[in-house]
Amino acid sequence: MAIILCVPLHGAARQASAPDPRQEISGYWVINDELSDNTDDQVEEAIRAAGGKVQRRSWFSKREEDRYRGGPADQELYDRVSYDDVLTIQYDAPEFVFEYADNYRRVFHTDGRKRSTGASDYYESGGEDFSFGNWNGSELIVEGRPRDGGYTLESYTLEQQGQRLRVVMTLEPFVFGGPIHLTRVYDRASPP
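In this report, we go over the structure that sits alongside the text. This one's a predicted model, so the numbers in the text were calculated from it and none came from an experiment.

A word on the pattern of salt bridges
Okay, so step 1: Within this structure, the stated rule accounts for 13 salt bridges.
Okay, so step 2: Glu 44 is paired through a salt bridge with Arg 67; the nearest N and O atoms lie 3.3 Å apart. Taken together, the residues Glu 44 in helix 3 (residues 39-49) and Arg 67 in the loop between helix 3 and helix 4 (76-83) connect sequence positions 23 residues apart.
Okay, so step 3: The salt bridge partner of Asp 84 is Arg 80, with a shortest N-O separation of 3.0 Å.
Okay, so step 4: Judged by its relative accessible area of 3%, Asp 84 falls in the buried class.

Structure follows, in structure tokens:
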């Protein structure tokens with residue numbers, strides 16, 4: 001009788017046990033206000049950095065929440081990534097679906113596919129938000145092209161053994177004087 005021993009290779013065993021960030025990032029995420037930047041404060045900082053003036057609030061007036069949210073429809077992507085308190089991420093290689101509040105969906109791919117569009121596409125359909133992503137190790141980098149012609153750059157990183165999601169972003173609306181730098185932190189939660 002022969003005894004056969006199966007011993008896994010050291011590197012293969014380590015790879016099998018390491019969680020795949022592409023799958024781990026999927027889930028339902030809720031904003032952690034204490035660890036996140038205040039979006040309105042970051043917008044005001046960008047306005048000042050570009051040489052603009054921010055309307056002063058009197059000391060007795062109540063601070064408005066989401067003061068700079070809203071505006072033209074072609075700037076909705078900026079509002080969703082910087083103000084919405086929930087984010088659902090689904091990954092089915094190579095496609096990501098990010099769903100924000102009010103069922104706003106953002107679909108993009110991480111396989112390097114190209115996109116071409118012409119002036120007639122813009123005038124016929126009003127343009128579309130477009131995003132694409134790429135992995136840099138365990139960090140998901142997402143670049144967005146909102147309908148207004150601006151730019152977003154977002155970095156998604158898992159923390160706390162996959163229970164926390166840190167998003168560092170730069171938002172550059174086309175008609176804005178300078179970039180908005182913002183960090184948003186989400187905690188993993190059970191879907192409602």
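Brief notes about the side chain of Glu 154
Okay, so step 1: Within the secondary structure layout, Glu 154 lies in strand 7 (residues 151-159).
Okay, so step 2: Here Tyr 156 takes part through its side chain, which lies 2.5 Å from a polar atom of the side chain of Glu 154.
Okay, so step 3: If we ignore the near neighbours within four places in the chain, the residues touching Glu 154 are Val 81, Arg 106, Leu 140, Ile 141, Val 142, Val 167, Val 168 and Met 169.

Observations regarding the pairing of strand 7
Okay, so step 1: Pairing between strand 6 (residues 139-145) and strand 7: 5 bridges, direction antiparallel. Residue pairing in the sheet places Gly 144 in a bridge with Thr 152 of strand 7.
Okay, so step 2: Counting the residues that bridge the hairpin from strand 6 to strand 7 gives 5 residues, and of these Gly 149 lies at a positive phi of roughly 95°.
Okay, so step 3: Strand direction decides the pairing type here: strand 7 and strand 8 (residues 164-172), joined by 9 bridges, are antiparallel. Across the sheet, residue Thr 157 finds its bridge partner in strand 8, namely Arg 166.
Okay, so step 4: Where strand 7 folds back on strand 8, the antiparallel hairpin that results is connected by 4 residues, among which Gln 160 adopts a positive phi of roughly 55°.

Conventions used here
- Residues numbered from 1 in each chain as written.
- Predicted model: local features only at pLDDT ≥ 70, side-chain atom pairs only at ≥ 80, totals over all residues.
- Heavy atoms only, no water.
- Salt bridge = Lys/Arg side-chain N within 4 Å of Asp/Glu carboxyl O.
- Helix = DSSP H or I, 4+ residues; strand = E, 2+ residues; numbered from the N terminus.
- Buried < 20%, exposed > 50% of the residue type's maximum accessible area, 1.4 Å probe, protein only.
- Polar contact = N/O pair within 3.5 Å; in protein donor to acceptor, adjacent residues only side chain to side chain.
- Contact = heavy atoms within 4.5 Å.
- Pairing = 2+ DSSP bridges.

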